[in-house]
Amino acid sequence: MCNVIDNSGAAVAECVKVLKMKRHAKVGDRIIVVVQKQRNFGPESGPGGSVSVSAANKVRRGDIRHAVVVRTAKKYQRPDGSVVKFDDNACVLINKGGEPIGSRLSGIVGREIREKGWSKILSLAPMHL
């Protein structure tokens, strides 16, 4: 299970496959996830509120999507010798072309996504570590 840190409408997703390799996923890897829990965007405001809330949810519970791992709870060592460990596992949902589904990210992301070529995700992130 990993937290979804974008505003695509998903809150928690479960990894079902790591693409192009036969090992566990690391920061920057592309994975296939199933959306387990939707994010609620608060109470509806006014008669037109339900339209905007449903439009904000770009994904539904049970959807199968591609994602990129941006944080892992497992410790890993960088080539410079520093060891990095995050509090949780987190991912960002992407479409088949590799573009993020959401338009904002909340929370920090690992620096390894720069070397893997996910510069669009890095530009949306408020901070990278």
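The name given to the chain in an unreviewed UniProt entry is Large ribosomal subunit protein uL14m, and the organism recorded there is Meristemomyces frigidus. Listed under Sequence similarities (unreviewed entry) in UniProt, the entry text for the chain is "Belongs to the universal ribosomal protein uL14 family."

Asker: Explanation requested: the pairing of strand β3 (residues 30–38) in the structure shown.
Answerer: Two faces belong to every sheet, and in a regular strand the side chains alternate between them. Across seven bridges, strand β2 (residues 10–18) lies against β3 in antiparallel orientation. Opposite Glu 14, over in β3, you have Val 34 as the bridge partner. By the bridge criterion, five bridges tie β3 to strand β4 (residues 64–71) in an arrangement that is antiparallel. Across the sheet, residue Val 33 finds its bridge partner in β4, namely Arg 65.

Asker: Please explain the side chain of Arg 71 as it appears in this structure.
Answerer: Here Arg 71 lies in strand β4. Accessibility expressed as a relative area gives 9% for Arg 71, which makes it buried. For Arg 71, the side chain forms a polar contact with the side chain of Asp 88, separated by 3.0 Å.

Asker: What am I meant to see in the pairing of β2 here?
Answerer: Note: strand β1 (residues 2–4) against β2, two bridges, orientation antiparallel. For Asn 3, the partnering residue across the bridge sits in β2 and is Val 12. Between the antiparallel neighbours β1 and β2 lie five residues, among them Gly 9 with a positive phi of about 115°.

Criteria and cut-off values
Residues numbered from 1 in each chain as written. Predicted model: local features only at pLDDT ≥ 70, side-chain atom pairs only at ≥ 80, totals over all residues. Heavy atoms only, no water. UniProt positions renumbered as here; feature names shortened; annotations may be inferred. Pairing = 2+ DSSP bridges. Helix = DSSP H or I, 4+ residues; strand = E, 2+ residues; numbered from the N terminus. Buried < 20%, exposed > 50% of the residue type's maximum accessible area, 1.4 Å probe, protein only. Polar contact = N/O pair within 3.5 Å; in protein donor to acceptor, adjacent residues only side chain to side chain.

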